[in-house]
Amino acid sequence: MEHWTFISIKILGRRLGWRRSKLSMLIPFSVKNGFRLFCNHKVPTAGFKNTVKNGLILQSLSTDVYQNLAVEDWIHDHINLDDKPILFFWRNSPSVVIGRHQNPWQECNLNQMREEGIKLARRKSGGGTVYHDMGNINLTFFTTKNKYDRMKNLKLIVQALNSVQPQLDVQATKRFDLILDGQFKISGTASKIGRTAAYHHCTLLCSTDGASLTSFLKSPYQGIKSSATTSIPAVVKNLLEKDPTLTCEVLMNAIAEKYAAYHQIDSHINLINPTDETVFPGIKSKAKQLQTWEWIYGRTPKFSVNTSFTVLYEQSRVEIKVFIDIKNGRIEICNIEAPDHWLPLEVCDTLCSSFIGSKFCPIETTLMTNMLLKTYPEDYELHSKWNILCEKIKGIM
């Protein structure tokens, strides 16, 4: 009979070869003397030792994108992967994830995401922008640097898919994508290679909301000039559209079985809680750092915006030209040109000067605008024009 078995972290740590130097700095004395729990693992009691002997298959209980990305960083930083590979399954509530070297203004519709409460995250790996929801499976393959092999991992996924549905035509490409029926992208790849450890992660579209994916991954912003890595658009399709039996759970179990057979480890999936500091010491600080404005926006490669827009004011059209240089997410150079009869030059200059050094961010722009308007308390016409201009500028942020 199967029952729940609690796996000791102390035992697991020895078998996975946790790096003592790093852990000793993070683990309080009481925790070092015996971790409470790593996961709940539905497996016969006598069999769990074999589960941790040569590797592990993990699945996150969290659907928070920052927490799950933090797990990747934590495993990469703290676990010795020599002969102990790890496969990590994770799914997120609706969110957009950009690559380490990308520009979010160039990659997605930030205004719509803010309106609908969609999280934006920047991961530690390179590659392009992806949309996550509960219909998308994320897989992370952890190995040592010298055993890092993306194509092997993708072929394993293909074998798993074919074990469930032999008629599926899925191929891995030279770009390390998975293509369905020769034309539809169902998986994209990114990776991080450290000094000794590496991980390859990829998506797998099962039942993702296609309308949201298309909408959020389409930038409406014009006039951006940047050296950031740009995503390559592709026609996508859900596996569930091909076969309604291909649910996320079915696919994860199939991949786990193939992975376990290849590495000769137990195929049961270990459930982990990414917020448990007794299991992952220091992980909350990693998740917190991934949520900061400085990481998500401030790490954007330097770029510029050169655009113009037309505003309507008292039945006339006024053209406004805007040029902004942004470095580390903050405005470095700002030049706004408006007809002098509509907005006096000194007012434009005041606005431009105020922007310098501020975040390229609608919230900060609103606060700054409100403060500046107080310097002209009685000029209601100026207030109206200023608000119109600032709303337009916020629209490109």
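That block above? That's the structure.
Summarised in this report is the structure supplied together with it. Owing to the predicted nature of the structure, the values given are computational and were not obtained by experimental measurement.

**Remarks on the packing of aromatic side chains**
- Scanning the model with the defined rule gives 10 aromatic pairs in all.
- Between W105 and Y297, the ring centres sit 5.4 Å apart and the planes meet at 50°, which makes this aromatic pair tilted. Of this pair, W105 sits in helix α6 (residues 104-107) while Y297 sits in the loop between α13 (293-296) and β16 (303-313); the two residues are 192 residues apart in sequence, bridging distant segments of the chain.
- What makes W105 buried here is its relative accessible area of 0%.
- Directly above the aromatic system of W295 lies the positively charged group of K124, at a separation of 5.3 Å from the ring centroid.

**Quick notes on the sheet that holds strand β18 (residues 330-337)**
- The strand order across the open sheet formed by 4 strands is β14-β16-β17-β18, and the pairing between neighbours is antiparallel. Edge strands, defined here as strands with exactly one partner in the open sheet, are β14 (224-226) and β18. Adjacent strand axes in the sheet meet at a mean angle of 15° when their direction is disregarded.
- Examined bridge by bridge, strand β17 (residues 316-327) and β18 share 7 bridges and lie antiparallel to one another. The residue of β18 that forms the bridge with V322 is I336.

**As for the environment of I265**
- For I265, the position within the fold is in the loop between α11 (248-263) and β15 (270-272).
- In this structure I265 comes out as buried when scored by relative accessible area, which is 10%.
- In this structure I265 touches N54, G55, L56, I57, Y259 and A260, once residues within four positions along its chain are discounted.

**Examining helix α15 (residues 362-373)**
- In a regular helix each residue adds 1.5 Å, so 12 residues correspond to 16 Å; α15 covers 16 Å between its end C-alpha atoms and thus fits that length.
- Each element contacted by the buried residues of α15 is listed here: α7 (110-116), α14 (345-355) and α16 (380-394).

**Some remarks on the pairing of strand β13 (residues 197-205)**
- In terms of residue burial, β13 counts as a mostly covered element, since 9 of its 9 residues are buried.
- Burial along β13 is two-sided: the face carrying A197, Y199, H201, T203 and L205 and the face carrying A198, H200, C202 and L204 are both buried.
- The pairing of strand β12 (residues 189-193) with β13 spans 5 bridges and is classified as antiparallel. Paired with S191 across the bridge in β13 is H200.
- Hairpin connection from β12 to β13: 3 residues lie between these consecutive antiparallel strands.

**Quick look at unusual backbone geometry**
- Positioned with a positive phi, Q264 is a non-glycine residue whose angle comes to about 55°.
- Inspection of the secondary structure puts Q264 in the loop between α11 and β15.
- Since its relative accessible area comes to 66%, Q264 is described here as exposed.

**Structural notes on the nonpolar core**
- With 74 residues, the main nonpolar core has L120, I320, I336, L351, F355, F360 and L389 as its most contacted residues.
- Here this core gets 7 residues from one element, more than from any other, and that element is helix α5 (residues 65-78).
- In contact with I336, other than residues within four places in its own chain, are I320, K321, V322, C348, L351, C352, F355, L389 and I393.
- Listed in part, the 34 residues of the second largest apolar core include V158, L161, L251 and A260.

Reading the values: rules and limits
Residues numbered from 1 in each chain as written. Predicted model: local features only at pLDDT ≥ 70, side-chain atom pairs only at ≥ 80, totals over all residues. Heavy atoms only, no water. Phe/Tyr/Trp six-rings, centres within 6.5 Å; stacked < 30°, edge-to-face > 60°. Helix = DSSP H or I, 4+ residues; strand = E, 2+ residues; numbered from the N terminus. Buried < 20%, exposed > 50% of the residue type's maximum accessible area, 1.4 Å probe, protein only. Lys NZ or Arg CZ within 6 Å of the ring centre and 35° of its normal. Pairing = 2+ DSSP bridges. Axes fitted to C-alpha atoms, helices over the stretch in contact; angles between N-to-C directions. Contact = heavy atoms within 4.5 Å. Expected span 1.5 Å × (residues − 1). Core = buried A, V, L, I, M, F, W, Y, C linked by side-chain atoms within 4.5 Å.

Distances and angles like these do not, on their own, reveal function.
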